[in-house]
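Listed below are the residues making up each chain.
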Amino acid sequence: MLVVMQSHATEEQIRAVCERVESLGYKALPVPGAGRTAVCITGNTGTVDLGSLESMAGVIECIPVTKPYKLVSRDVKEENTVVRIPTPLGEVSFGGAAIAMVAGPCAVETREQAFKVAEHVKAAGVRLFRGGAYKPRTSPYSFQGLGEPGLKILAEIRDKFGLGIVTEAIDNESLDLVEKYADVIQIGARNMQNFSLLKRAGRSKKPVLLKRGMSATLDEFLMAAEYLMSEGNYNVILCERGVRTFSDFTRNTLDLSIIPAVQRRSHLPIVVDPSHGTGRRNKVLPLSRAAVATGADGLLVEVHHDPDHALSDGPQSILPDELMRLMHEVRQIAGVLSRTIN
Ligand code: PEP
Ligand code: MN
């Protein structure tokens, strides 16, 4: 159920509605929009007994929300959510007119390796650096990431290059550390339905980049985002990274059609990861072009100066000069759509 407030409703009127909802035994989550605030009622298992809610001061109407997701839905908030990431070199935003670029190695391997990639990322004009300090690997024998020392290297990269940091948390323990060092917390595909991790990330003050699970439906993807928002974190960026299909010439099948589908249903920004989405270096550029043309709010790409010796995801990591070319081409495609690159 959604309580739509008048555009000139006062703070007290909104608070009074929230208190009334809570006195009925439900949870009230106010969602401020550009023109008005909507109070989303959750915690109900059946229909909400409205009582006199609709006649309270400042209320326009109460609308039943039939979809399983509420806070992520455009029914609750019509305009796009813009997630703003402060970096030492200014803000990078997801969901506005500018398309946000995120690049870096799959994993932070050594200080030298991470610094070298960061230098190239910065030279290409990208302002968000992504590298994993905690890696969720299919094999327990594969490189698992440097852990906290890796996060410290990322913090040094922020200081030295002025880049914002995106890095993954794989469990509640690593999230405690990641939120201290990172500007954006990544939740990986394998953890999209790790509900305790989602709840913990939902209580964080840092924005979350949520990757689609490799076999997740659109509803499951949006419900995972709903977990984050229902705990109070409204700074959620969705990320399409490919799904499992019978196709055997790529690692995953990049499902670009989810972009307009998400945009119809949700106000949240959606970015595309063509690196995991294809698993092949030579397919990253064409799929990046396509993602931007389809309306993605950003791209997340893996880059390595020596991919043949990378400790993870070398085959899908593009080279620094390919990143330059990618930036040049997507900037032109963005221009056709009256968008810019940030
Ligand atoms: C990654 O971003 O390096 C990663 C492991 O991605 P995903 O969770 O999409 O597989
Ligand atoms: Mn990777």
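About the criteria used
Along each chain, residues carry numbers from 1 onward, in the same order as the chain's sequence is written. Labels are handed out in written order, letters beginning with A for the chains and numbers beginning with 1 for the ligands. Where local features are concerned, this predicted model is filtered to residues with pLDDT of at least 70; where side-chain atom pairs are given and counted, the filter is 80 or more; whole-chain, interface and lining totals use all residues. Side-chain numbers here rest on the full set of heavy atoms in the structure, without hydrogens or water. Pairing of aromatic rings covers Phe, Tyr and Trp, the last counted by its six-membered ring, and requires centre-to-centre distances within 6.5 Å; plane angles under 30 degrees mean stacked, over 60 mean edge-to-face, and any other angle means tilted. Numbered from the N terminus, helices here are DSSP runs of H or I no shorter than four residues, and strands are runs of E no shorter than two. For every residue, the accessible area (1.4 Å probe, protein chains only) is compared with the maximum for its type, and the residue is labelled buried under 20%, exposed over 50%, or partly exposed between those bounds. If even one non-hydrogen atom of a residue comes within 4 Å of a molecule or strand, that residue is called near it. Pairs of N or O atoms are called polar contacts if they sit within 3.5 Å, as long as, within protein, a hydrogen donor faces a hydrogen acceptor (for residues adjacent in sequence, only side-chain-to-side-chain pairs). Each accessible area is a Shrake-Rupley estimate made with a 1.4 Å probe; only the visible protein chains count as cover when residues are assessed. Residues are grouped as follows: Ala, Val, Leu, Ile, Met, Phe, Trp, Tyr, Cys and Pro are nonpolar; Asp, Glu, Lys and Arg are charged; all remaining types, including Gly, are polar. Whenever Lys or Arg places a side-chain nitrogen within 4 Å of a carboxyl oxygen from Asp or Glu, that contact is recorded as a salt bridge.

**Here's the deal with the packing of aromatic side chains**
Counted by the stated rule, this structure contains two aromatic pairs. Centre to centre, the rings of Phe-115 and Phe-161 are 5.7 Å apart; their planes meet at 65°, and the pair counts as edge-to-face. Residue Phe-115 is located in helix 2 (residues 111–123), and its partner Phe-161 is located in helix 3 (residues 148–161); the two are separated by 46 residues in the primary sequence. Each member of the pair, Phe-115 as well as Phe-161, carries the same accessibility label: buried.

**Considering the site of ligand 1**
In the vicinity of ligand 1, the contacting residues are Cys-106, Arg-130, Lys-135, Gln-186, Gly-188, Ala-189, Arg-190, Lys-211, Arg-241, His-276 and Glu-302. With respect to ligand 1, the side chain of Gln-186 contributes an N or O atom lying 3.0 Å from an oxygen atom. Here Glu-302 contributes a side-chain N or O atom positioned 3.3 Å from an oxygen atom of ligand 1. In isolation ligand 1 has 300 Å² of accessible area, and contact with the protein removes 97% of it. Looking at the shell around ligand 1, its residues break down into two nonpolar, three polar and six charged.

**Section: the pattern of salt bridges**
Enumeration according to the criterion identifies 15 salt bridges in this entry. The partner of Asp-176 in a salt bridge is Arg-200, and the shortest N-O contact between them spans 2.9 Å. Taken together, the positions of Asp-176 in helix 4 (residues 172–181) and Arg-200 in helix 5 (residues 195–202) put the pair 24 residues apart, joining distant regions of the chain. Residue Asp-255 is joined to Arg-212 by a salt bridge in which the shortest nitrogen-to-oxygen separation is 2.8 Å. Linking Asp-255 in the loop between strand 12 (236–240) and helix 7 (258–265) with Arg-212 in the loop between strand 11 (208–211) and helix 6 (218–230), this pair joins segments that are 43 residues apart in sequence. Classification of Arg-212 as buried rests on a relative accessible area of 7%. Here the residues in one salt-bridge network are Asp-176, Glu-179 and Arg-200, joined through shared partners.

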